[in-house]
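Structural features, examined
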Amino acid sequence: MTPTNAAAPPPPETAEQLAAFEARIAAGEYIEPKDWMPERYRKQLIRMMSQHAHSEIVGMLPEGNWITRAPSLRRKMTLIAKVQDEGGHGHYIYCATETLGVSRDQMVADLLSGKAKYSSIFNYPTLTWADIGVIGWFVDGAAIVNQTVLAKASYGPYARSMIRICKEENFHKRQGYEICAVLASGTEAQRAMVQDAVNRWWWPSLMMFGPGDASSPNSEELLRWKVKRFSNDELRQRFVNLTVPQAQAIDVALPDPELRYDAASGDWHFGQVDWNEFWQVVKGDGPCNRERLAARNKAHDEGAWVRAAAEAYAARRAGAAASAAA
Amino acid sequence: MGYGSAPDEPETGAGSDAPERYRPVSERAAAVRPSASTGEHAAPLVEALLRLADDRLVLGHRLSEWCGHAPILEEDIALANIALDLIGQASLLLEHAGQVEGRGRSADALAYFRDAVEFRNLLLAELPNGDFAVTIVRQFLWSAFAVPHLKQLSASADATLAGIAAKGHKEATYHLRHAADWVLKLGDGTVESHARAQRALDELWPYVHEMFRTDDVEAPLVAAGVTIDPSTLQLAWRESVASVCRAATLKVPGDGWKAQGGREGRHTEHLGHLLGEMQILARSHPGAEW
């Protein structure tokens, strides 16, 4: 494993370099892998992008949980395709992150050791089939709100990967909403199932946008460098405004007694997010943190001999090719 | 068949919890038994389509169990992709079977409301995934059969089957290449991977013979050019498998015990569990739309 993070310390950054960099950002230019960038910018991007990739990978677990029980062939196929897409997104973002000088092996090692974070939403369990619908609707919906903005991020490879990924996420969101719509117009048991799933996923979905602006440690710098374009609270509000009418359309209640339309601002006012729960899950004590990490580690450990075989085979082939050429 | 005489009590449970429209319409609806004990078969074409469909549905389901748990991310993606292709083929074949049968059963009704004794897949398909070597070697052995099988079926006198087979053949060609690549890597990789691949080959070998079994059920279809006699594929299959095994430094096992029974609904104990999981939700809400 290449210890890329422990490479020689970067050369000191001059005020001129920083000023020129910030001028480029201000002018709306994309920063590309070979361009000069402040070390903080590189580190922030590696943190955000690898977290994003890890979230795709860990996110395969709660949804994959229902592949073998999907209630029709069509639902089974679309769910497999969705989980496969998530693997593809993870792969794609890992590659984009590698352009910042960190290896995928290192990123994966950080995920498996618990050092790197992933979206806390995936630390909640999928208890019924309706969860698959609600995840598509809420979680992919929230991800789209975030990622549509990230598609305009200042780092070129990240922005471009987001454009592609957003297209697929939109598809996933529509599928999820459609599952919910069918359940909501189904039998009494199905209606109860979707309402219960909505009740469980609504607040954790609002937490996906991160802590409120007043307590978001990374936000100010990320906004200035146009890695982010809107604050956490702005994006959360946008998500609520988009989602409430969708819930009304299928006659599903959102579990917030304070939810009401504010004509003056045009926003749906919502109640207080339980930030204690948010930090508890972020710090590792959510319902499924241990299981998710254990599942990733198990797959990695049990796959070690397979990866070793592939490497040994590739090395042997390379050796054979070299001696044939000699 | 080696399973003893027919049971005194009929095995019941042919979707007895299912709504009327999913149930078999025969007068003996509550007593569906494997054809091995009754000698009864559905119409030959329905039977043949179920064999093709169930191999793919059950094997695709097994592959989908890997999703999120594979040794490397690329294999999570590849195995899911193959599962998707196989379940897609199964879905088309079941739909066709339901139409030919003419009892109004949809692809979903056939997938979710038949019991294990009514499934017609090879035993090979339903065996548990085991380690990555077992999954890959099984996929290789079966795909090496499926590719030439689908190629010939794409000239079937049944136009619908021919179309499904032609589409499936393209997919199966990729599946075979993927599996054969991995057989090479595992067989000719490390000492451990070689041992695991050889063990997988040895363990699975008794289950390959069933692929090539001929029976009377399909005879009229073969004569009419609708399906093909799978035994005619065996020689070429053995050669192609042996050639990959040789390159992978693996030893082709000798023929000993030949497991069989899947085509008559006599399965291993594993299929019931697989279906229990696959069908639980659909059967818990009979009549519901999803």
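Here the structure is shown first, and the text comes after it.
Here is a short report on the structure shown in this document. (Residues numbered from 1 in each chain as written. Chains lettered and ligands numbered in written order. Predicted model: local features only at pLDDT ≥ 70, side-chain atom pairs only at ≥ 80, totals over all residues. Heavy atoms only, no water.)

**Let's talk about the overall build of chain B**
We apply this condition: Only DSSP runs of H or I reaching four residues or more are called helices, and only runs of E reaching two or more are called strands; each is numbered from the N terminus. Here the term buried applies to any residue with accessible area under 20% of the maximum for its type, exposed to any over 50%, and partly exposed to those in between, with areas from a 1.4 Å probe on protein chains only. Contact criterion: two residues are considered in contact whenever any of their non-hydrogen atoms come within 4.5 Å of each other. Note on areas: Shrake-Rupley with a 1.4 Å probe; residue coverage comes only from the protein chains shown.
When you go through chain B residue by residue, the secondary structure sums to 11 helices and zero strands. In chain B, the order of α-helices and β-strands from amino to carboxyl end is α-α-α-α-α-α-α-α-α-α-α. Counting over 290 residues, chain B shows a buried share of 59%. Sequence-distant contacts in chain B: of pairs separated by 6 or more residues, those separated by 24 or more amount to 79%. For chain B, the accessible area works out to roughly 11,300 Å², and carbon and sulfur atoms hold 54% of it.

**Observations regarding the pattern of salt bridges**
Any two side chains of opposite charge can pair, on the condition that their charged atoms come close. Rule in force here: In what follows, salt bridge is the name for a side-chain nitrogen of Lys or Arg lying within 4 Å of a carboxyl oxygen of Asp or Glu.
Inspection of the entire model under this criterion finds 32 salt bridges over all chains. When the shortest N-O distance is used, the salt bridge between Glu-101 of chain B and Arg-105 of chain B registers 2.8 Å. Residue Glu-101 of chain B shares its accessibility class with Arg-105 of chain B, and that shared class is buried. Arg-196 of chain B serves as the salt-bridge partner of Asp-131 of chain B, at 2.9 Å between the closest nitrogen and oxygen. Of this pair, Asp-131 of chain B sits in the loop between helix 5 (123–126) and helix 6 (132–153) while Arg-196 of chain B sits in helix 8 (residues 191–204), and the two are 65 residues apart along the sequence. What emerges from the salt-bridge pattern is a single network uniting Glu-63, Lys-82, Glu-86 and Asp-140 of chain A.

**Considerations on the interface of chain A and chain B**
Operational definition: Buried area: the accessible area, evaluated with a 1.4 Å probe, that two parts lose upon being put together, summed over both parts. Whenever two N or O atoms come within 3.5 Å, that pair is a polar contact, provided that in protein one can donate a hydrogen and the other can accept it, and provided that, for residues adjacent in sequence, both atoms are side-chain atoms. Ten residues, namely Ala, Val, Leu, Ile, Met, Phe, Trp, Tyr, Cys and Pro, are considered nonpolar, four, namely Asp, Glu, Lys and Arg, are considered charged, and the remaining ones, Gly among them, are considered polar.
Contacts between chain A and chain B engage 43 residues on the former and 48 residues on the latter. Between chain A and chain B lies a buried interface of about 3,800 Å² when both sides are counted; carbon and sulfur atoms form 70% of it. The interface formed by chain A and chain B includes two salt bridges. Between Asp-188 of chain B and Arg-316 of chain A there is a salt bridge, with its nearest N and O atoms 2.8 Å apart. Across the contact surface, chain A and chain B share 14 residue pairs in polar contact (both at pLDDT 80 or more). Elements with a minimum of two residues in the side of chain A that touches chain B: helix 2 (39–64), helix 3 (73–98), helix 6 (156–184), helix 7 (188–207), helix 11 (289–302) and helix 12 (304–325) of chain A. The dominant element in the side of chain A that touches chain B, judged by the number of residues it contributes, is helix 3 of chain A, at 13 residues. Residues of the side of chain A that touches chain B, tallied by class, amount to 26 nonpolar, 10 polar and seven charged.

**A few points about the side chain of Ser-205 of chain A**
All names here are of chain A. Here Ser-205 shows up in helix 7. For Ser-205, the side chain forms a polar contact with the main-chain oxygen of Trp-201, separated by 2.6 Å. Excluding residues within four positions of it along the chain, Ser-205 makes contact with Ile-121, Phe-138, Val-139, Ala-142 and Phe-239.

**Quick notes on unusual backbone geometry**
Residue Asp-251 of chain A is not a glycine yet carries a positive backbone phi of 60°. Here Asp-251 of chain A shows up in the loop between helix 9 (232–249) and strand 1 (260–262). Even without a glycine there, the phi angle at Thr-249 of chain B is positive, about 60°. Relative to the elements of secondary structure, Thr-249 of chain B occurs in the loop between helix 10 (234–247) and helix 11 (269–284).

**Comments concerning the packing of aromatic side chains**
All names here are of chain B. We count it as follows: Each pair of aromatic rings taken from Phe, Tyr and Trp, with Trp reduced to its six-membered ring, is defined by centres within 6.5 Å and is described as stacked if the planes are under 30 degrees apart, edge-to-face if over 60, and tilted in the remaining cases.
All told, the structure shown has 20 aromatic pairs over all chains when counted by the stated rule. An angle of 80° between the planes, with centres 5.7 Å apart, marks the rings of Tyr-207 and Trp-257 as edge-to-face. Within this pair, whereas Tyr-207 is found in the loop between helix 8 and helix 9 (219–223), its partner Trp-257 is found in the loop between helix 10 and helix 11, the two being separated by 50 residues in sequence. Note on Tyr-207: relative accessible area 13%, which makes it buried. Residue Trp-257 is classed as exposed on the basis of its relative accessible area of 56%.

**Things to note about helix 1 (residues 15–26) of chain A**
Rules: Expected span of a helix: the number of residues minus one, times 1.5 Å.
Given a rise of 1.5 Å per residue, 12 residues ought to cover 16 Å, and the 16 Å separating the end C-alpha atoms of helix 1 of chain A matches this to within 8%. Just past helix 1 of chain A, the residue Gly-28 of chain A takes up positive phi, approximately 85°.

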